[in-house]
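Listed here are the chains, written in short residue letters.
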Amino acid sequence: MALYRNGDGQIPAKESLAARAKGGLLFMGGFVALLAVIELVNTLMSHSLNVLFGLRPRSVDGVFDILTFPLLHANFGHLLSNALPLVIFGFLVFLSGLRVFLTALAFSWLGSGLAVWLIGGGSVTVGASGLVFGLFAFLLVRGFFNRSWWQILLSVVLFLAYGSILFGLLPLVMGFVSWQAHLGGAIGGVVAALLLRPRRRALAQPN
């Protein structure tokens, strides 16, 4: 049985995977619960938070909105459409460890926000769909960067199950959503997978 070592000694690797699975469920469940609380408050305030903290393209103040716009939604229907894929993709990424998850999430968040700020339309953008696309893109490509057959197999299964959402990357396919956020998030996810790929060891050491 494979082992890993922590401060208390050696623990079976399958227990580590179980701990990651539990941590992933708790983290993603807590994150979605936070989004629900924010949406409840936002609804009670007639969605005035969207005006204050939604992302406004190419505005100086809008730079700071990159940090807040994925936390807001147009309504509970909008939130629910993002919640399930966000939990699924986030959980699967979390299985690779907290560092991998936070890196993928950060690049998806930043990529989505920068894309909207740079090339977004004139309206205010809110929603976590950019994170969904970022985590999904990360899961699709990381196996090829890592040369991991099981990760490639997972990416094929995910593509067959959720590949249709990639149409959301295209302009004019769904005019009521921000394809810029989707595209930026996906690019961020790919960049994260590229940065997290295993480094090749030198083939020969100098004498």
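So, here is what we can say about the structure in this document. (Residues numbered from 1 in each chain as written. Predicted model: local features only at pLDDT ≥ 70, side-chain atom pairs only at ≥ 80, totals over all residues. Heavy atoms only, no water.)

### Some details on the overall build of the chain
Where we set the bar: Each helix is a run of DSSP H or I of at least 4 residues and each strand a run of E of at least 2, with the numbering of both proceeding from the N terminus. Residues count as neighbours in contact if any of their non-hydrogen atoms are within 4.5 Å of one another. Exposure was quantified through the Shrake-Rupley algorithm and a 1.4 Å probe, taking into account, for residues, occlusion by the shown protein chains and nothing else.
Counting its secondary structure elements, the chain contains eight helices and two strands. Order of helices (α) and strands (β) in the chain, N terminus to C terminus: β-β-α-α-α-α-α-α-α-α. For the chain, the share of sequence-separated contacts (at least 6 apart) that also reach a separation of at least 24 residues comes to 73%. Carbon and sulfur atoms form 71% of the exposed surface of the chain, whose accessible area is close to 11700 Å².

### Comments concerning the packing of aromatic side chains
Worth spelling out the cut-off: Pairing of aromatic side chains here covers Phe, Tyr and the six-membered ring of Trp, requires ring centres within 6.5 Å, and sorts the geometry by plane angle: under 30 degrees stacked, over 60 edge-to-face, intermediate tilted. Burial classification: accessible surface area is computed with a 1.4 Å probe over protein chains only, and a residue below 20% of its type maximum counts as buried, one above 50% as exposed, and the rest as partly exposed.
For the structure shown, the criterion picks out five aromatic pairs. Relative to Phe136, the ring of Phe89 lies with its centre 4.9 Å away and its plane at 25 degrees, an arrangement referred to as stacked. Of this pair, Phe89 sits in helix 4 (residues 76-94) while Phe136 sits in helix 6 (residues 129-146), and the two are 47 residues apart along the sequence. On the accessibility criterion, Phe89 (0% relative accessible area) is buried. Counting every residue linked through ring pairs, the aromatic cluster contains Phe27, Phe94 and Phe101.

### Observations concerning the packing of helix 4 against helix 7 (residues 149-162)
Put simply, the test is: Orientation is described by axes fitted as lines to C-alpha atoms, over the contacting stretch for helices, and by angles from 0 to 180 degrees between their N-to-C directions. Here is the rule for angles: anything less than 35 degrees is roughly parallel, anything more than 145 is roughly antiparallel, 65 through 115 is roughly perpendicular, and the remaining ranges are oblique. Polar here means any residue other than Ala, Val, Leu, Ile, Met, Phe, Trp, Tyr, Cys and Pro, which are nonpolar, and Asp, Glu, Lys and Arg, which are charged; Gly is therefore polar.
Between helix 4 and helix 7, the least distance of the axes is 13 Å, while the angle of their chain directions is 175 degrees. In this view, helix 4 runs roughly antiparallel relative to helix 7, as classed from their interaxial angle. Seen from helix 4, the contacting residues are Ile88, Phe89 and Leu92; seen from helix 7, they are Leu154, Leu158 and Tyr162. Looking at the contact of helix 4 with helix 7 residue by residue, the class counts come to six nonpolar, no polar and no charged.

### A word on the pattern of salt bridges
For side chains bearing opposite charge, pairing can occur when the charged atoms are close. To be explicit about the condition: We define a salt bridge as a side-chain nitrogen of Lys or Arg found within 4 Å of a carboxyl oxygen belonging to Asp or Glu.
Taken as a whole, this structure holds one salt bridge when the rule is applied. Of the charged contacts, one joins Arg56 and Asp65 as a salt bridge, the two residues approaching to 2.7 Å between their closest N and O atoms. On the accessibility criterion, Arg56 (26% relative accessible area) is partly exposed. A residue is classified by how much of its surface remains accessible, and Asp65, at 4% relative accessible area, is buried.

### Quick look at the nonpolar core
Filter applied, for reference: For this analysis, a nonpolar core means a set of buried residues of the types Ala, Val, Leu, Ile, Met, Phe, Trp, Tyr and Cys, connected via side-chain atoms within 4.5 Å.
One finds Phe31, Leu86, Phe89, Val93, Leu131, Phe138 and Leu158 to be the most contacted residues of the largest nonpolar core, which totals 29 residues. For this core, the secondary structure elements donating two or more residues are helix 1 (13-44), helix 4, helix 5 (98-119), helix 6, helix 7 and helix 8 (179-195). Residues contacting Leu158, with those up to four places away along its chain left out, are Phe89, Leu92, Phe136, Leu139 and Gly163. Listed in part, the five residues of the second largest apolar core include Leu55, Phe69, Val116 and Ala181.

### Notes on unusual backbone geometry
The backbone of Ser46 shows a phi angle near 55 degrees, a positive value even though the residue is not glycine. With respect to the helices and strands, Ser46 occurs in the loop between helix 1 and helix 2 (48-53). Overall, Ser46 belongs to the exposed group, its relative accessible area being 65%. Although it is not a glycine, His47 adopts a positive phi angle of roughly 55 degrees. You can see His47 is positioned in the loop between helix 1 and helix 2.

Structural measurements only, silent on function.
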